[in-house]
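Each chain is listed here by its residues.
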Amino acid sequence: MDERFMQLALDEAQRARAAGEVPVGAIVVADGRVVGRGCNAVVARTDPAAHAEVLAMRDAASRLGNYRLVGASLYCTVEPCLMCLGTAMHARISRVVYGAPDLKVGAIGRLEALRASGADFNHRFEVVGGVLAEEAAELLLDFFRERRAAARAAAPGDLEGECGEVPKWS
């Protein structure tokens, strides 16, 4: 079941890639059905909070008419950042399922470290990682390879070029 829903999140990531965004996708599932979808849109929306996970939870909340997503699962192609996990906590997501780990900004381990050091959060969720991780990682690797190649072609010797960022997936 997790693989089926993660494939739908990967479809969202492909939508982000086609739009020139970092290919991350997310869906929210409640009672066995998809109730929210999102793909990265930070560039298109000029919004640093327009992460796939946040957009999927916003979509689900709007469709369900409730910002509390109790009992719902969040599927994301990449380990969520702290902002996205905070949003999941506030939404009362029950389960977070992710594909590829993100060693630079992924926050599952960081959240656990905060709890271990005494942070007292009012909500916990189950976490499952590594679902279709290879597919999710390959999508990111391909995207950043293409970005680096385009940057080198545009400005030889400058790894950042016009993309304005140093890719973390290499």
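As a reminder, the structure under discussion sits directly above these lines.
Residues numbered from 1 in each chain as written. Predicted model: local features only at pLDDT ≥ 70, side-chain atom pairs only at ≥ 80, totals over all residues. Heavy atoms only, no water.

**Student:** Requested: an account of the pattern of salt bridges, with residues and values cited.
**Tutor:** Throughout the structure, instances matching the rule amount to eight salt bridges. Notably, a salt bridge pairs Asp-59 with Arg-63, separated by 3.1 Å at the nearest N-O pair. With a gap of four residues between them, Asp-59 and Arg-63 both fall in helix H3 (residues 52-64), about one helical turn apart. Sharing partners across several salt bridges, the network here consists of Asp-2, Arg-95 and Glu-126. (Salt bridge = Lys/Arg side-chain N within 4 Å of Asp/Glu carboxyl O. Helix = DSSP H or I, 4+ residues; strand = E, 2+ residues; numbered from the N terminus.)

**Student:** Can you explain the packing of helix H1 (residues 2-18) against helix H6 (residues 133-154)? Please cite residues and give values.
**Tutor:** At a minimum axis separation of 11 Å, H1 and H6 run at an interaxial angle of 5°. With respect to each other, H1 and H6 are oriented roughly parallel. Here Leu-10, Ala-13, Gln-14 and Arg-17 of H1 lie close against H6, whose contacting residues are Glu-135, Ala-136, Leu-139, Asp-142, Phe-143 and Glu-146. When the residues that make up the contact of H1 with H6 are grouped by side-chain class, the tally is five nonpolar, one polar and four charged. (Axes fitted to C-alpha atoms, helices over the stretch in contact; angles between N-to-C directions. Parallel < 35°, antiparallel > 145°, perpendicular 65-115°, else oblique. Contact = heavy atoms within 4.5 Å. Nonpolar A, V, L, I, M, F, W, Y, C, P; charged D, E, K, R; others polar.)

**Student:** An account of the sheet that holds strand S2 (residues 33-39) is requested, with residue identities and associated values reported.
**Tutor:** Reading across from one edge, S2-S1-S3-S4-S5 is the order of the five strands in this open sheet, with mixed pairing throughout. A single partner strand is all that each edge strand has here, and the edge strands are S2 and strand S5 (126-128). Neighbouring strand axes in the sheet, compared pairwise and without regard to direction, differ in orientation by 15° on average. The pairing of strand S4 (residues 95-100) with S5 spans three bridges and is classified as parallel. Each bridged residue has a counterpart across the sheet, and for Arg-95 the counterpart in S5 is Glu-126. (Pairing = 2+ DSSP bridges.)

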